[in-house]
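# Breakdown of the fold
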Amino acid sequence: MRFYVTFYQMYIKHLQDFRTSLAKTSFTRMQYTDMRLEFIFILTLFLMTLCYDGSQGSQGCKKRLLKDQDCNFEVSDFWDFRTFREWLDQKGSLGDVSLNISCIKGGSVYIPWPFRARNLKRVKVTNCYLKGYYDEYKVLSNYEDSLQQRIVANNVIEINVPEWFDSVVNSKPEKSIACGQESLERDIISNNTYRFSHSSFLQNRPVEFLVDALHTMRENRRSQPFKCHYSNLVYLEKSCTHDLGKHFMEDITLHSNFPKLLSLNLSSNSMWHLPVELKQWYETFPQLEYLDLSNCKLQSFSFSNPTPYGRETSIHINLQNNNISDVPQMFDQYATWSPPISIDLRGNPFLKD
């Protein structure tokens with residue numbers, strides 16, 4: 001209500017100023033036009049606020065202007081994404097939807113990858129125990145890609161071992177599953193851990209069984225017959241992941257395009273050596289301007305000369321707080337390349353003396 005009163009007071013004040021100005025003999029035609037436009041603008045804003053509906057929806061959502069839905073849930077027990085998705089389907093006219101889930105007291109959330117739902121634009125899930133993460137890995141979705149921002153941070157993700165083997169290891173996913181949502185503009189995956197359930201599935205099985213399964217999974221990924229086009233993605237973060245595999249950069253880049261990516265954050269990962277995909281960053285990330293590799297345990301680094309790439313905008317690479325004890329032979333030339341490369345090496349052993 002206070003929101004409406006404020007705009008109403010602004011409207012009355014400008015109306016009075018408008019009438020006062022008209023009474024002045026020195027009032028020019030230009031001033032009259034400017035005042036009239038300003039008056040119309042304020043009146044329009046006031047009328048728009050009358051359309052604002054801040055009422056609490058049946059699913060804990062607040063309806064905003066143009067029928068947008070701003071949904072916030074604090075979960076202490078259990079919350080099901082499928083129920084939320086069905087609720088969105090049942091609504092008539094629907095604007096953009098934002099979903100923010102945070103958990104307290106061990107709350108858990110059922111939310112299958114890749115979080116598709118009607119008109120869902122933004123998702124943030126933090127501090128939760130996530131269930132059903134791969135339950136729709138073999139299910140073709142009826143929803144188009146709509147997500148623009150995804151934040152999944154500080155969660156525990158439950159992996160049902162038998163289902164994971166069936167869905168992820170022993171199958172070749174469709175493009176909509178393997179690529180996730182190609183509409184993303186910002187994607188943040190940070191500090192999530194995994195907990196395995198039904199691990200008895202692996203008991204009494206030889207080590208070769210697991211080795212063969214992982215080999216099959218890798219070959220399925222490498223033989224993927226399609227490309228993932230992240231044409232709108234400008235920020236990508238995969239940080240604080242302590243169980244990165246040695247092929248993690250290949251998994252990210254082999255069948256994917258990132259034509260507009262400006263910032264890549266891989267900080268606080270267990271990365272002992274710099275992958276070739278990062279040494280030759282320009283091949284996959286042609287517009288990259290910032291690369292964060294801080295706190296990654298790197299022991300050395302070197303980057304390839306992107307010439308004849310020819311881009312003039314520089315790239316800054318953050319290598320703070322690694323275990324780097326020396327710089328590569330070509331280091332002094334980095335600043336002269338096109339594009340120039342600047343590097344932050346603070347917090348490394350050879351600078352601590």
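In what follows, the accompanying structure is described.

Okay, the overall build of the protein next. Of regular secondary structure, the protein possesses eight helices and 18 strands. When burial is assessed residue by residue, the protein has 43% of its 353 residues classed as buried. Counting only contacts in the protein whose residues sit at least 6 apart along the sequence, the fraction spanning at least 24 positions is 81%. Only carbon and sulfur atoms are counted for the fraction: they give 51% of the accessible area of the protein, which is about 19,500 Å².

The full count for this structure, using the stated rule, is three disulfides. A sulfur-sulfur separation of 2.0 Å characterises the disulfide bridge that pairs C61 with C71. Because the torsion about its S-S bond is 110°, the bridge between C61 and C71 counts as right-handed. Residue C61 is located in strand β1 (residues 61-63), and its partner C71 is located in strand β2 (residues 69-75); the two are separated by 10 residues in the primary sequence. C61 sits in the buried class, given a relative accessible area of 1%.

This part covers helix α6 (residues 207-222). In an α-helix, one turn spans 3.6 residues; hence positions three or four apart end up facing the same way. With 16 residues, α6 extends 23 Å between its outermost C-alpha atoms, agreeing within 8% with the 22 Å of an ideal straight helix rising 1.5 Å per residue. Three or more residues of α6 are buried, namely A213, M217, R218 and N220. Seen from one end, α6 has its buried residues packed into an arc of 160°, which puts them on one side. Exposed residues on α6 whose side chains face more than 90 degrees from its buried face are V207 and E208.

This part takes up the side chain of N269. Among the secondary structure elements, N269 is positioned in the loop between β15 (263-265) and α8 (276-279). A distance of 3.4 Å separates the side chain of N269 from the backbone nitrogen of C240, its partner in a polar contact.

Calculation rules
Residues numbered from 1 in each chain as written. Predicted model: local features only at pLDDT ≥ 70, side-chain atom pairs only at ≥ 80, totals over all residues. Heavy atoms only, no water. Helix = DSSP H or I, 4+ residues; strand = E, 2+ residues; numbered from the N terminus. Buried < 20%, exposed > 50% of the residue type's maximum accessible area, 1.4 Å probe, protein only. Contact = heavy atoms within 4.5 Å. Areas by Shrake-Rupley, 256 points an atom, 1.4 Å probe, with all protein chains shown as cover. Disulfide = S-S within 2.5 Å. Expected span 1.5 Å × (residues − 1). Arc of directions from axis to C-beta. Polar contact = N/O pair within 3.5 Å; in protein donor to acceptor, adjacent residues only side chain to side chain.

Structural measurements only, silent on function.
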